Amino acid sequence: MPTNPNDSAWPLPNDSRSLNKKGLTKREYIATAAMQGLLAGLAHGYNEIEIAEDAVSMADRLIAKLNKPSEETDDKDSSQN
């Protein structure tokens, strides 16, 4: 099942209590996690724009990787058994 970057990171039932609030998308959630990692290990010379751009880029690359067929991963996993 493909990962849609615009899906909610925490889907809620579509009822009156949720008020159709989606919260963060998967892409936004992954980008915030990447940004936390970048800030925790902040290298000298990074600025806010670079950090934000790198975090979003990392999120996009992870989503793209998750959406690729996993034939290589499956082959490696089966050879380890």
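On a predicted model such as this, the values are computed, not experimentally measured, just so you know.

1. Focus: a nonpolar patch on the surface
Then, in step 1: Nonpolar side chains collect at one region of the surface, where Trp10, Leu24 and Tyr29 lie side by side and expose about 310 Å² of accessible area between them.
Then, in step 2: Among the structural elements, leucine 24 can be located in the segment before helix 1 (26–40).
Then, in step 3: Take leucine 24: its relative accessible area is 35%, and that puts it in the partly exposed class.

2. Let's talk about the packing of helix 1 against helix 2 (residues 48–66)
Then, in step 1: Between helix 1 and helix 2, the least distance of the axes is 8 Å, while the angle of their chain directions is 130°. As far as their axial angle goes, helix 2 and helix 1 are oblique. Helix 1 and helix 2 meet at a crossing whose hand is right-handed. Here Arg27, Ile30, Ala31, Ala34, Met35, Leu38 and Leu39 of helix 1 lie close against helix 2, whose contacting residues are Ile51, Ala52, Asp54, Ala55, Val56, Met58, Ala59, Asp60, Leu62 and Ile63.

3. Considering the pattern of salt bridges
Then, in step 1: Applying the stated criterion to the full structure yields one salt bridge.
Then, in step 2: A salt bridge links arginine 27 to aspartate 60; its shortest N-O distance comes to 2.6 Å. In this pair, arginine 27 sits in helix 1 while aspartate 60 sits in helix 2, placing the two residues 33 residues apart along the sequence.
Then, in step 3: A relative accessible area of 34% means that arginine 27 is categorised as partly exposed.
Then, in step 4: The exposure class assigned to aspartate 60 is partly exposed, which follows from its relative accessible area of 32%.

4. A look at helix 2
Then, in step 1: The terminal C-alpha atoms of helix 2 lie 27 Å apart, and with 19 residues this matches the ideal 27 Å at 1.5 Å per residue to within 8%.
Then, in step 2: Within helix 2 the residues assigned to the buried category are Ile51, Ala55, Ala59 and Ile63. Along helix 2, the residues classed as buried sweep out an arc of 105° about the axis, all on the same side. What points out from helix 2, more than 90 degrees from its buried face, is the exposed set Ile49, Glu53, Arg61 and Lys65.
Then, in step 3: The N-terminus of helix 2 is capped by asparagine 47, whose side-chain oxygen sits 3.0 Å from the backbone nitrogen of isoleucine 49.

5. So, helix 1
Then, in step 1: An ideal rise of 1.5 Å per residue puts 21 Å on 15 residues; helix 1 measures up with 21 Å between its terminal C-alpha atoms.
Then, in step 2: For helix 1, the full list of buried residues reads Ile30, Ala31, Ala34 and Leu38. Taken around the axis of helix 1, the buried residues stretch over an arc of 100°, which confines them to a single face. Opposite the buried face of helix 1, by more than 90 degrees, sit the exposed residues Gln36 and Ala40.

Reading guide: rules and limits
Residues numbered from 1 in each chain as written. Predicted model: local features only at pLDDT ≥ 70, side-chain atom pairs only at ≥ 80, totals over all residues. Heavy atoms only, no water. Patch = residues over 30% accessible without salt bridge, like charges linked within 9 Å, V, L, I, M, F, W, Y side chains within 5 Å. Areas by Shrake-Rupley, 256 points an atom, 1.4 Å probe, with all protein chains shown as cover. Salt bridge = Lys/Arg side-chain N within 4 Å of Asp/Glu carboxyl O. Helix = DSSP H or I, 4+ residues; strand = E, 2+ residues; numbered from the N terminus. Buried < 20%, exposed > 50% of the residue type's maximum accessible area, 1.4 Å probe, protein only. Axes fitted to C-alpha atoms, helices over the stretch in contact; angles between N-to-C directions. Parallel < 35°, antiparallel > 145°, perpendicular 65-115°, else oblique. Left-handed = near helix turned anticlockwise from the far one by under 90°. Contact = heavy atoms within 4.5 Å. Expected span 1.5 Å × (residues − 1). Arc of directions from axis to C-beta. Polar contact = N/O pair within 3.5 Å; in protein donor to acceptor, adjacent residues only side chain to side chain.

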